[in-house]
Structures are given as C-alpha cells and as structure tokens.
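A look at the structure
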Amino acid sequence: MRILLVDDSHSAAMAMTARLHTYGHVVVRAADGQEAVEAFREHAPDLVLMDLEMPRLNGFDATNRIRAEESLEPGAWTPIIFLTASSHESSLVTAIEAGADDFISKSAPEPVLRAKMAAMARIAALRQRLWEANDRLRQLADLDGLTGLANRRSLDGRIDAQWRLAQRDATPFGILMMDIDHFKAYNDLYSHLGGDDCLRKVAQAIGAVAQAEGSDQVFAARYGGEEFVMVTAGLDREKTLGLAQRVVAEVGTLRLPHRGNPPWGIVTVSVGLAWSARGTGQAEDLLREADEALYCAKRGGRNRLAQHPAG
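What comes next concerns the included structure.

Cut-offs and rules
- Residue indices begin from 1 for each chain and proceed along its sequence in written order.
- Under the rules for a predicted model, residues below a pLDDT of 70 receive no local features and side-chain atom pairs below 80 are neither given nor counted, while totals for whole chains, interfaces and linings still include all residues.
- Excluded from the side-chain calculation are hydrogens and water; included are all heavy atoms of the structure.
- A pair of strands is considered paired only if DSSP assigns at least 2 bridges between the two.
- Each helix corresponds to a stretch of at least 4 residues labelled H or I by DSSP, and each strand to a stretch of at least 2 residues labelled E; elements are numbered beginning at the N terminus.
- Lines fitted to C-alpha atoms define the axes here, with helix axes fitted over just the stretch in contact, and angles between the N-to-C directions of these axes take values from 0 to 180 degrees.
- We call two residues contacting when some pair of their heavy atoms lies within 4.5 Å.
- Two rings belonging to Phe, Tyr or Trp (six-membered ring only in the last case) form a pair when the distance between their centres is within 6.5 Å. Interplanar angles under 30 degrees mark stacking, angles over 60 mark edge-to-face geometry, and anything in between is tilted.
- Residue burial is assigned from relative accessible area. The probe radius is 1.4 Å, only protein chains are included, and a residue is buried under 20% of its type maximum, exposed over 50%, and partly exposed in between.
- We count a charge as sitting over a ring when the NZ of a lysine or the CZ of an arginine lies within 6 Å of the ring centre and within 35 degrees of the ring normal.
- By convention, the crossing between two helices is left-handed when the near helix turns anticlockwise from the far helix through less than a right angle, and right-handed when the turn is clockwise.
- Each residue is assigned to one of three groups, with Ala, Val, Leu, Ile, Met, Phe, Trp, Tyr, Cys and Pro labelled nonpolar, Asp, Glu, Lys and Arg labelled charged, and all others, Gly among them, labelled polar.
- Expected helix span is taken as 1.5 Å per residue step, with the number of steps being one fewer than the number of residues.
- Salt-bridge detection follows one rule: a side-chain nitrogen of Lys or Arg within 4 Å of a carboxyl oxygen of Asp or Glu.
- Whenever two N or O atoms come within 3.5 Å, that pair is a polar contact, provided that in protein one can donate a hydrogen and the other can accept it, and provided that, for residues adjacent in sequence, both atoms are side-chain atoms.

1. Details of the sheet that holds strand E3 (residues 47-51)
Reading across from one edge, E2-E1-E3-E4-E5 is the order of the five strands in this open sheet, with parallel pairing throughout. Each end of this open sheet is capped by a strand with a single partner; those strands are strand E2 (26-30) and strand E5 (102-105). For this sheet, the mean angle separating the axes of adjacent strands, direction not counted, is 25°. Strand direction decides the pairing type here: E3 and strand E4 (residues 80-84), joined by four bridges, are parallel. Paired with Val48 across the two strands is Ile80, which belongs to E4. Packing against the sheet, helix H2 (residues 33-43) makes contact with strand E1 (2-6), E2 and E3, and its axis sits at approximately 165° to E1. Across the sheet, helix H3 (residues 59-70) lies against E3 and E4, angled at about 175° from E4, the strand it touches most.

2. A short note on the packing of aromatic side chains
Across all of its chains, the model carries four aromatic pairs by this definition. Measuring from ring centre to ring centre gives 4.9 Å for Trp163 and Phe173, while their planes differ by 85°; the resulting arrangement is edge-to-face. Here the residue Trp163 occupies a position in helix H6 (residues 152-169), and Phe173 occupies one in strand E6 (residues 173-180), the gap between them amounting to 10 residues. There is no split in this pair, since Trp163 and Phe173 are both buried. Centre to centre, the rings of Tyr186 and Tyr190 are 4.5 Å apart; their planes meet at 35°, and the pair counts as tilted. You can see Tyr186 and its partner Tyr190 sitting in helix H7 (residues 183-213), four residues apart, about one turn around the helix. Residue Tyr190 is classed as partly exposed on the basis of its relative accessible area of 22%. Members of the aromatic cluster, connected to one another through ring pairs, are Phe183, Tyr186 and Tyr190. Seen from the ring of Tyr223, Arg152 lies directly overhead, with NZ or CZ sitting 4.0 Å from the centre.

3. Brief notes about the packing of H7 against helix H8 (residues 237-253)
The geometry of H7 relative to H8 is characterised by a closest axis approach of 9 Å and an angle of 145° between their N-to-C directions. Judged by the sense of rotation from one axis to the other, the crossing of H7 with H8 is right-handed. Between H7, through Val202, Ala205, Ile206, Val209, Ala212 and Glu213, and H8, the contact on the second element is made entirely by Leu243, Arg246, Val247, Glu250 and Val251. Broken down by class, the residue content of the contact of H7 with H8 amounts to eight nonpolar, no polar and three charged.

4. Things to note about the pairing of E3
Of all the five residues making up E3, five are buried; the element is thus mostly covered by neighbouring parts of the structure. In E3, alternate side chains face the same way, and those of Leu47, Leu49 and Asp51 on one face and Val48 and Met50 on the other are all buried. Relative to E3, E1 runs parallel, the two sharing four bridges. Opposite Val6, over in E3, you have Met50 as the bridge partner.

5. Quick look at helix H9 (residues 283-299)
Compared with an ideal rise of 1.5 Å per residue, which puts 17 residues at 24 Å, H9 spans 25 Å between its outermost C-alpha atoms and is within 8% of the ideal. The secondary structure elements touched by the buried residues of H9 are H6, E6, strand E8 (227-233), strand E9 (269-276) and strand E10 (305-307). Following H9 by one or two positions, Gly301 has its phi on the positive side, about 125°.

6. Notes on the pattern of salt bridges
Counted under the stated rule, the structure contains 19 salt bridges. Across the pair Arg153 and Asp142 runs a salt bridge, and its minimum N-O distance is 2.2 Å. Of this pair, Arg153 sits in helix H6 while Asp142 is found in the loop between helix H5 (110-141) and H6, placing the two residues 11 residues apart along the sequence. What makes Arg153 exposed here is its relative accessible area of 56%. Between Asp181 and Lys298 there is a salt bridge whose closest N-O contact spans 2.8 Å. Of this pair, Asp181 sits in the loop between E6 and H7 while Lys298 sits in helix H9, and the two are 117 residues apart along the sequence. Each member of the pair Asp181 and Lys298 is classed as buried.

7. Considerations on the environment of Arg29
Turning to its location among the elements, Arg29 is positioned in strand E2. Here Arg29 falls in the partly exposed class, since its relative accessible area comes to 36%. Once residues within four sequence positions are removed from consideration, Arg29 is found in contact with Leu5, His10, Ala13, Met14 and Thr17. At 3.1 Å, the side chain of Arg29 and the side chain of His10 are in polar contact.

From the geometry alone we can't say anything about function, so treat these as descriptive.
Here is the structure:
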C-alpha cells in the first residue's frame, strides 16, 4: 500500500515511517498541507495519514482541497486518517467534517496501528478491484459489440477531443469515411449471419491499419451499419491518403467472395477522405466532406478512394 504521510515534525514523521515500513508499506512524506496536496496529485496514494496543525496549510484545509480535487473525477475516493496527539472533541468533529474518514493517535500502540493499516490495505485492494471492473465496463461501453472496434459514442468523443487539439495547435486533422460496397446485396446472398461475419473481418482489417500507425494518431470506429470511420491527428495529407489506400488494399486481400459486387466478385470498400491542414472550420463540416467524397468513390466505380478537394 502506498501511504502519504503528512507531518511537519521530522522526528515524528521518521518514527511513523519506520513503523509503516515494518508492515511492508511504501511511504511518501509531505511536511505540510500544501506539499500534501501536491504529493497527492503526483503519487495517487492508497491512504493519507494527515497531521492536524501544520504551517502554510493545516490538515483541515489540505483535506478539503484533496476532496475538492477528487470530486472532479466521479467515484474517486481515498481514505484520509487524521493523526492526532489528543482526542479533543471539537478537533475530531472538524476533522470528519473536513472530509477525513477516521483518526488515530500518533502514539497508538503497535497492535492498534498494525490492525488499522491492515484494514486500510484491505480497502485499498477492494478499491483497486472496483477500479479495474469499472474501467473494463467503460471500455465495453465504448466498443461496438459486433466488430470490436470503437462505437459511435466513442468516435464522437474522440473527434471532439482531437479536433479541439488540432484547432489549438493548428495541426492537421483527417477523416476517412469507409463503406462496404453493395453490402445489402451481400446480406441477401449470404444471409445476415454471413453479413455479420463480413463486418467483423472488414473491421479487423481496418483496425489493423489503424493500429499500425499508433492510437495517438489514428483511431478507427464503426460508424453504423456497414460504414466505418478513421480519424487521423497530426498526419499530413499524403500519409492520410496512404492510410486510405491501405484500407482499400487490405480489405481486398481478404478475398471474401461477393457475387453481388461486380466486376470484383469479392468484398471491397470505398473510402472518402477529407483533410484539414490546420484544424480550421468545424469537425461536422469535415465529416460531411468525407461523406461527400465517399459517394464520389461510389459513383466512380467503388473499390477506391476519393478525396474532398478542400484542405
């Protein structure tokens, strides 16, 4: 367990640190409340042991600030135990009202301190398992259940975030709109179960192209039905164009039979590309331009890409 120990008394902090080390815990020390808030941000401790009276920022105010920061992240909570040299009723009430969860005497007998730390370690383990479970749920909520790619909800959030960065830094931003050619005919010929399998395989090919570039710069998602979107951040037009060409090629190499897609006879995709050099305008406009380019690719014969001229 990582413990943030906050105490302005060097000797008291050394003594408590030595005791905690014997229990197998890692101790991060802060000499006052201000240092405590900074150390909390940096080290994300499992437990905070907070002294009451300290220079610059006392334990009450430091606890209030820590709780205020945690309130910005839903579900965040770290146990805070106040270290006290007395059991004065008003101080203990103030401590709890400030956001502390418990208090313990600095001179607590060894069995009491050991038992208290063992209980906190159990809580820390439960918090970690809960965080992991919630993180997994968040990941599942952002995935398309059929293809395993990001879903529309996740895509919308990614576009908003990346577009703001592109506008702030005046960096390139691109959108590739992709559509499986004659997919309705594929469902009619090979059944909807066959269509689902086709969607999964095409999504895997698109995802592999995106992953090869790295998640910071390329993000792929299922847009809906047989449509997919790829978002590029910081890539110039030529690299973005290269990605679009690779998507067309990779899907073609799957060689999935499709009698309803002449003259190819296999599953193919069309891609529309829209690109902005400096993140100007609105993200919605770029999506619309990518969609227009996609239909140009369709009208041009499919199994190809088309670019929107703006950028």
